[in-house]
Each structure stands twice: as C-alpha cells, then as structure tokens.
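Inside the fold
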Amino acid sequence: MTHQRSGILYALYMLLNPIPFGFFVAGLIFDYVYSSTAEIFWAKAASWVVTLGLVFAIIPRLINLFYVWFRPVDSQRKADMVGFWLYGFGMIAAIFNAFIHSRDAYAIVPANVMLSGVTVLLIGAAYLYQSTRMHNTLVGE
C-alpha cells in the first residue's frame, strides 16, 4: 500500500530543502577562490555561507528526520534512508568546515576546499540518488 506525502510539512520541506545546498556550493566556490588568490574577503564570505547553510538546514533536516524515522512511506523508504544518511554525513563535513573556517588567515587551506568539496559531493549524491530512485518508483521499475 502506497501513501503519497502531502500537507504543509511536506510543502515546507520541499521549499526549504534546496536552500542549504546552494549555500554550500557557494562556499565551495569561495573556498577555491580564496585558495587561489589568498584574498581574505573570500575566506570570510565562505565562512558566512557555510554557517548560513548550516542554519538553513535545520528545519528541512528535522522534517526529513520525521519522515524517515516516524512516518515512512513504503515505496520511498529506501530512497529516504539513503538520502538521510548521505545528507547527514554532508552536514557533518559542513560542521567540521565551519570549525576549520574559525582558523586564522591562510591556515584554513587546503582543509576548507576538501571539506567543502566533500559536503557538496555528499549532498549532491543524496539529491541524485533520491531523484533517480523516486523517478524509478513512480515509473514502475
């Protein structure tokens, strides 16, 4: 038996879920530019966007936690679980990245670029896996 998700909670999740990913991609770009130019502006900007990405990720992650662990939909359970763990590990990398950005000046390089890359890679993999899995479930494969 399949139940589709609907309601205000799911609409809020779908609205807020992509926002942190945009911040983390901007952080990756800013970190790369900082490692190439050593202009402190880019390090500060990366620090801010990583922190904002973490703040904006709180509500979607709590909603996702509810959907994965307390209200599973049978046909979407595996995709939600894999996406939950990939996104969760990406968030852990982002938290470490925020701590790395608290270092002074050029001491954040190369750890900032690596952690930003891991964050974007894991969250991107979560989105990719969930979208392909959901599409295959809807199509009937």
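Quick note: structure is the one above.
To start, this report covers the structure provided alongside it.

Each value, and the rule that gives it
Throughout, residues of each chain are indexed from 1 in the direction in which the sequence is written. Residues qualify for local features only when their pLDDT is at least 70, as the model is predicted, and side-chain atom pairs are given and counted only at 80 or more; totals for whole chains, interfaces and linings, by contrast, use all residues. The side-chain values count all of the structure's non-hydrogen atoms but skip hydrogen atoms and water molecules. Secondary structure elements are defined from DSSP: runs of H or I of at least 4 residues count as helices, runs of E of at least 2 residues count as strands, and each element is numbered from the N terminus. Each residue's exposure class comes from its accessible area (1.4 Å probe, protein chains only) as a fraction of the maximum for that residue type: buried when under 20%, exposed when over 50%, partly exposed otherwise. Here, residues are in contact when the closest pair of their heavy atoms is within 4.5 Å. Per-residue and other accessible areas were derived by the Shrake-Rupley procedure at a 1.4 Å probe size, with only the shown protein chains allowed to occlude residues. Orientation is described by lines fitted to C-alpha atoms, with helices fitted over the stretch in contact, and by angles between N-to-C directions that extend from 0 to 180 degrees. Angles below 35 degrees are treated as roughly parallel, those above 145 as roughly antiparallel, those between 65 and 115 as roughly perpendicular, and all remaining angles as oblique. Note: crossing handedness is left-handed where the near helix turns anticlockwise from the far helix by less than a right angle, and right-handed where it turns clockwise. Only Asp, Glu, Lys and Arg are considered charged in this grouping, and only Ala, Val, Leu, Ile, Met, Phe, Trp, Tyr, Cys and Pro are considered nonpolar; every other residue, Gly among them, is considered polar. Any helix carries an expected span of 1.5 Å times its number of residues minus one. Note: the arc covers the axis-to-C-beta directions of the helix. Side-chain atoms within 4.5 Å link the members of a nonpolar core, which is a set of buried Ala, Val, Leu, Ile, Met, Phe, Trp, Tyr and Cys residues.

A few words now on the overall build of the protein. Of the regular secondary structure elements, the protein holds six helices and zero strands. In the protein, the succession of helices and strands from N to C terminus is α-α-α-α-α-α. Across the 141 residues in the protein, those meeting the buried criterion constitute 35%. Taking all contacts inside the protein whose residues are at least 6 apart in sequence as the whole, residues at least 24 apart take part in 77%. For the protein, the accessible surface area stands at approximately 8100 Å², while carbon and sulfur atoms represent 74% of it.

With that out of the way, let us pick up the packing of helix α1 (residues 8-16) against helix α4 (residues 58-69). Any two packed helices are characterised by the angle at which their axes cross and by the distance between the axes. Two elements in contact, α1 and α4, have axes whose closest approach is 9 Å; the angle formed by their N-to-C orientations is 135 degrees. Considered as vectors, α1 and α4 are oriented oblique to each other. The hand of the α1/α4 crossing is left-handed. The residues of α4 that touch α1, namely those facing Leu9, Tyr10, Leu12, Tyr13 and Leu16, are Ile59, Pro60, Arg61, Ile63, Asn64, Phe66 and Tyr67. Of the residues assigned to the contact of α1 with α4, the class counts are 10 nonpolar, one polar and one charged.

Next up on the list: the environment of arginine 77. Checked against the element boundaries, arginine 77 lands in helix α5 (residues 77-100). Between the alpha carbons of arginine 77 and tyrosine 67 there is a distance of 9.0 Å; along the sequence they are 10 residues apart.

A word on α4. An ideal rise of 1.5 Å per residue puts 16 Å on 12 residues; α4 measures up with 16 Å between its terminal C-alpha atoms. Those residues of α4 that fall on the buried side of the exposure criterion are Pro60, Arg61, Ile63, Asn64, Tyr67 and Val68. Taken down its axis, α4 places every buried residue within 160 degrees of arc, on the same side. In this structure, the buried residues of α4 make contact with α1, α3 (40-56) and α5.

If you look at the biggest cluster of nonpolar residues, it comprises 10 residues: Phe24, Val50, Leu54, Ala57, Tyr87, Met91, Ala94, Val120, Ile123 and Ala126. Listing elements by their share of this core, those giving two or more residues are α3, α5 and α6 (111-139). Look past the residues within four positions of valine 120 in its chain and what remains in contact with it is Phe21, Phe24, Val25 and Leu28.

What follows deals with unusual backbone geometry. In this structure, proline 110 follows valine 109 across a cis peptide bond, with omega equal to 5 degrees. Relative to the assigned elements, proline 110 resides in the loop between α5 and α6. Of note, alanine 38 is a non-glycine position whose phi angle comes to about 60 degrees, a positive value. Looking at the secondary structure, you find alanine 38 in the loop between α2 (18-37) and α3. In this model, alanine 105 sits at a positive phi of 50 degrees, which is unusual for a non-glycine residue.

The quantities given are spatial measurements derived from coordinates; they are silent on function.
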